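Here's the letter readout for the chains.
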Amino acid sequence: MSAVVMMNRSVVPTATVQQPMTRTRLRLTRRGRVVFTALAAAPLVAWALTVVLGSGGAAAETESLRTTAFQYVTVGAGESLWAIAESIAPNDDPRVVIDEIIRLNGLDDALVEPGQRLALPVVP
């Protein structure tokens, strides 16, 4: 014959040891990612709208250029923008006139080639 002996043992901890807290990663749901991205993009969208809607002055300036008449000149050998600016506006600052010529013709710098045709602002 066999007998089974079962003892009722209660485990009593002698000392409680606290486990160090582990950090869990923040996990965003798809909806959370969409909301976070929208909040992050909101200042960029506001800035872009401000730039686009604030460019009305540039559009008005462009329209005023359409009504302006231009003179055209062909650059000769040895001529510079400085000489051309002094000839069309002798009483004005040549640097301002040169800037206007560069802007009107879409030039990268003040260098011109002989035979190049330039639009000049009409100076009253």
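Placed above this text is the structure.
Caption draft 1: Looking closely at the packing of helix H3 (residues 81–88) against helix H4 (residues 94–105). Orientation of H3 relative to H4, taken along the N-to-C sense of each, is 110°, at an axis distance of 9 Å. Put simply, H3 runs roughly perpendicular to H4. Mapping the contact onto sequence places Leu81, Trp82, Ile84, Ala85, Glu86 and Ile88 in H3 and Pro94, Arg95, Val97, Ile98, Ile101 and Ile102 in H4. Per-class residue counts for the contact of H3 with H4 are 10 nonpolar, no polar and two charged.

Caption draft 2: View of a nonpolar patch on the surface. Side chains of Val45, Leu49, Val52 and Leu53 sit close together on the surface and give an oily, nonpolar patch of about 420 Å² of accessible area. Inspection of the secondary structure assignment puts Leu53 in helix H1 (residues 30–53). A residue is classified by how much of its surface remains accessible, and Leu53, at 69% relative accessible area, is exposed.

Caption draft 3: Representation of the environment of Leu118 within the structure. Note that Leu118 resides in strand E2 (residues 117–121). What makes Leu118 buried here is its relative accessible area of 1%. On a C-alpha basis, the gap between Leu118 and Leu104 in space is 8.6 Å, while along the polypeptide they are 14 residues apart. Apart from residues lying up to four places away in sequence, Leu118 is in contact with Gln71, Tyr72, Val73, Val75, Leu81, Ile84, Ile101, Asn105, Leu107 and Val112.

Caption draft 4: Fine view of the pattern of salt bridges. A complete count under the given rule lists two salt bridges for this structure. Between Asp93 and Arg95 there is a salt bridge whose closest N-O contact spans 3.1 Å. Since its relative accessible area comes to 53%, Arg95 is described here as exposed. We note a salt bridge from Glu100 to Arg103, for which the minimum N-O separation is 3.2 Å.

Conventions and cut-offs
Residues numbered from 1 in each chain as written. Predicted model: local features only at pLDDT ≥ 70, side-chain atom pairs only at ≥ 80, totals over all residues. Heavy atoms only, no water. Axes fitted to C-alpha atoms, helices over the stretch in contact; angles between N-to-C directions. Helix = DSSP H or I, 4+ residues; strand = E, 2+ residues; numbered from the N terminus. Parallel < 35°, antiparallel > 145°, perpendicular 65-115°, else oblique. Contact = heavy atoms within 4.5 Å. Nonpolar A, V, L, I, M, F, W, Y, C, P; charged D, E, K, R; others polar. Patch = residues over 30% accessible without salt bridge, like charges linked within 9 Å, V, L, I, M, F, W, Y side chains within 5 Å. Areas by Shrake-Rupley, 256 points an atom, 1.4 Å probe, with all protein chains shown as cover. Salt bridge = Lys/Arg side-chain N within 4 Å of Asp/Glu carboxyl O. Buried < 20%, exposed > 50% of the residue type's maximum accessible area, 1.4 Å probe, protein only.

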